[in-house]
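Residue-level listing of the chains:
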Amino acid sequence: LDPRQRESRLMKKVDLHAIPHLVHRVEEHVVAKMRWEGCAFIRTVGTNLRMFKPALSSACVYFTRFYARNGFFDTKPTAWDDGEWHQWRQAQLPARFRDLHWRFVAIACLFIAGKVEDNPKKIYDVVIQFHKEVPKKEKLVDPELSDGHIRQLKETLFAYERLVLADLDYDMIVEAPIAFNQVAQHIKFMRMNLVAAARSQEKYTPALDEQTSLDADGLQMLRLALDFVENSLLTTLWLEYDAPTIAFGIAWLTAKFFDFAPSLEGGWWRLMNER
């Protein structure tokens, strides 16, 4: 992705802090909870559908992007006026699903991400898993999955797919999946460089193609770093920074957690730029 395109898609911290009050009109912890629930729902349904991590990661970022500009408790998208929304929902949505709902947004994000990441799932399978995972107490789905209800859910999912695509301006570029590979590469570089230095008692930076394996401590570091990546998807981090910055930051955080991150003149950003 061109750096200028990256820059245009990222938000400033001051704007992120304003989202709970200006967009959602609730406290920040409520927004964080709803974001976590949405991503957890995506992961649960996606895992049951045996979808790969890249699709789950992209879906979470889509969900976060959508709710950076729309309120979790709003009945319509922020950018739509009442008349426009009324006309669209009358034509596109079954009568029982006329108000914007975060669970449908989440499942639409997953459905889209499956296509983008070359891991598509049949809409029938998606709505079946959706029906299984939605708590019946919410009365969003019928207790029994009849043919008529399946048809309604399909129509709703297709409508929300179009809605999410339009609201995100059809910008489906997400770098989250590659962050897992970048973090693994950074951890491998840092760990094996440390081991080599300890063995030779002198500075030695192995080339990436020389780094073929990790020791037990390195594998433990890698597992923790990948957990950090997954947890980062539950936050607004992906609205503020690009994948290379997040990947290196997570690798550096992991190194500090294991208490061997060296101090760098000019800060760790210098090393990232060199890499």
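Okay, so let's go over this structure.

Thresholds, definitions, all that
- Residues numbered from 1 in each chain as written.
- Predicted model: local features only at pLDDT ≥ 70, side-chain atom pairs only at ≥ 80, totals over all residues.
- Heavy atoms only, no water.
- Helix = DSSP H or I, 4+ residues; strand = E, 2+ residues; numbered from the N terminus.
- Buried < 20%, exposed > 50% of the residue type's maximum accessible area, 1.4 Å probe, protein only.
- Contact = heavy atoms within 4.5 Å.
- Areas by Shrake-Rupley, 256 points an atom, 1.4 Å probe, with all protein chains shown as cover.
- Expected span 1.5 Å × (residues − 1).
- Arc of directions from axis to C-beta.
- Salt bridge = Lys/Arg side-chain N within 4 Å of Asp/Glu carboxyl O.
- Phe/Tyr/Trp six-rings, centres within 6.5 Å; stacked < 30°, edge-to-face > 60°.
- Core = buried A, V, L, I, M, F, W, Y, C linked by side-chain atoms within 4.5 Å.
- Lys, Arg positive; Asp, Glu negative; His and termini not counted.
- Disulfide = S-S within 2.5 Å.
- Axes fitted to C-alpha atoms, helices over the stretch in contact; angles between N-to-C directions.
- Nonpolar A, V, L, I, M, F, W, Y, C, P; charged D, E, K, R; others polar.

## Here we look at the overall build of the chain
For step 1, the next point in the chain: Summing up its helical and strand segments, the chain has 13 helices and 0 strands in all.
For step 2, the next point in the chain: Each helix (α) and strand (β) of the chain, taken in turn from the N terminus, gives the series α-α-α-α-α-α-α-α-α-α-α-α-α.
For step 3, the next point in the chain: Expressed as a percentage of its 275 residues, the buried residues of the chain come to 46%.
For step 4, the next point in the chain: The contacts of the chain with a sequence gap of at least 6 include a subset with a gap of at least 24, amounting to 74%.
For step 5, the next point in the chain: Total accessible area computed for the chain in this model is approximately 14800 Å², and 53% of it derives from carbon and sulfur atoms.

## Considering the environment of Val30
For step 1, the next point in the chain: Tracing the chain through its elements places Val30 in helix α3 (residues 28–48).
For step 2, the next point in the chain: Linking Val30 and Pro20, residues 10 residues apart in sequence, is a C-alpha distance of 8.3 Å.

## What to know about helix α2 (residues 13–24)
For step 1, the next point in the chain: If you check α2, its first and last C-alpha atoms are 17 Å apart, about what 12 residues at 1.5 Å a residue would give, namely 16 Å.
For step 2, the next point in the chain: All buried positions along α2 are accounted for by Leu16, Ile19, Pro20, Val23 and His24. An end-on view of α2 places all buried positions within 120° of arc, on one side of the element. Residues of α2 that are exposed and point more than 90 degrees away from the buried face comprise Val14 and Leu22.
For step 3, the next point in the chain: Among the structural elements, α3 and α11 (237–240) are those in contact with the buried residues of α2.
For step 4, the next point in the chain: Phi for Arg25, located one or two positions after α2, is positive at around 60°.

## Quick notes on the pattern of salt bridges
When charged atoms on two side chains of opposite charge get close, those side chains can pair.
For step 1, the next point in the chain: Tallied over the full model, the rule gives 10 salt bridges.
For step 2, the next point in the chain: The salt bridge partner of Glu37 is Lys33, with a shortest N-O separation of 2.4 Å. Linking Glu37 with Lys33, this pair stays in helix α3, spanning 4 residues, or about one helical turn.
For step 3, the next point in the chain: Classification of Glu37 by relative accessible area gives partly exposed; the value is 24%.

## Re the packing of aromatic side chains
For step 1, the next point in the chain: As enumerated under the stated definition, the model contains 15 aromatic pairs in all.
For step 2, the next point in the chain: Here Phe41 and Trp102 contribute two aromatic rings whose centre-to-centre distance is 6.2 Å and whose plane-to-plane angle is 75°, an arrangement assigned as edge-to-face. Here Trp102 lies in helix α6 (residues 102–116) and Phe41 lies in helix α3, a separation of 61 residues in the sequence. When sorted by exposure, Phe41 lands in the same class as Trp102, which is buried.
For step 3, the next point in the chain: Geometrically, the ring pair formed by Phe41 and Phe130 is edge-to-face, given 5.8 Å between the ring centres and 80° between the ring planes. Of the two residues, Phe41 is situated in helix α3 and Phe130 in helix α7 (residues 123–133); the sequence distance between them amounts to 89 residues. In terms of burial, Phe41 and Phe130 fall into one category: buried.
For step 4, the next point in the chain: An aromatic cluster is built from Phe41, Phe97, Trp102, Phe104, Phe130 and Tyr160, whose rings are joined through pairwise contacts.

## Quick look at the nonpolar core
For step 1, the next point in the chain: Counting 75 residues, the largest nonpolar core has Phe63, Val105, Ile107, Leu110 and Phe130 as its most contacted members.
For step 2, the next point in the chain: It is α6 that provides the largest number of residues to this core, a total of 11 residues.
For step 3, the next point in the chain: In contact with Leu110, not counting residues within four places along its chain, are Ile42, Val45, Gly46, Leu49, Met51, Leu56 and Ala59.
For step 4, the next point in the chain: Counting 5 residues, the second largest nonpolar core, distinct from the first, contains Leu16, Ile19, Val23 and Ala68.

## Topic: helix α12 (residues 243–257)
For step 1, the next point in the chain: Here α12 spans 21 Å end to end across 15 residues, near enough to the 21 Å set by a 1.5 Å rise per residue.
For step 2, the next point in the chain: Buried within α12 we find Ala243, Thr245, Ile246, Ala247, Phe248, Ile250, Ala251, Trp252, Thr254 and Ala255.

## Focus on the side chain of Arg35
For step 1, the next point in the chain: Structurally, the position occupied by Arg35 is in helix α3.
For step 2, the next point in the chain: An unpaired buried charge is present at Arg35: no salt bridge exists, and Glu28, the closest side chain of opposite charge, is 6.9 Å distant.
For step 3, the next point in the chain: Every residue in contact with Arg35, bar those within four places of it in the chain, is listed here: Phe63, Thr64, Phe72, Leu234, Thr235 and Thr236.

## Notes on the state of the cysteines
For step 1, the next point in the chain: A complete count under the given rule lists 0 disulfides for this structure.
For step 2, the next point in the chain: You can see Cys60 has no disulfide; the closest cysteine sulfur is in Cys39, sitting 3.6 Å from it.
For step 3, the next point in the chain: Counting only cysteine sulfurs, Cys60 is the nearest neighbor of Cys109, a cysteine outside any disulfide, at a range of 8.9 Å.

## A closer look at the packing of helix α5 (residues 82–92) against helix α8 (residues 147–167)
For step 1, the next point in the chain: Relative to each other, α5 and α8 sit at 145°, their axes nearing to 10 Å. Seen from α5, the contacting residues are Trp85, Trp88 and Gln92; seen from α8, they are Glu155, Ala159, Arg162 and Leu163.
For step 2, the next point in the chain: Residues that form the contact of α5 with α8 fall into these classes: 4 nonpolar, 1 polar and 2 charged.

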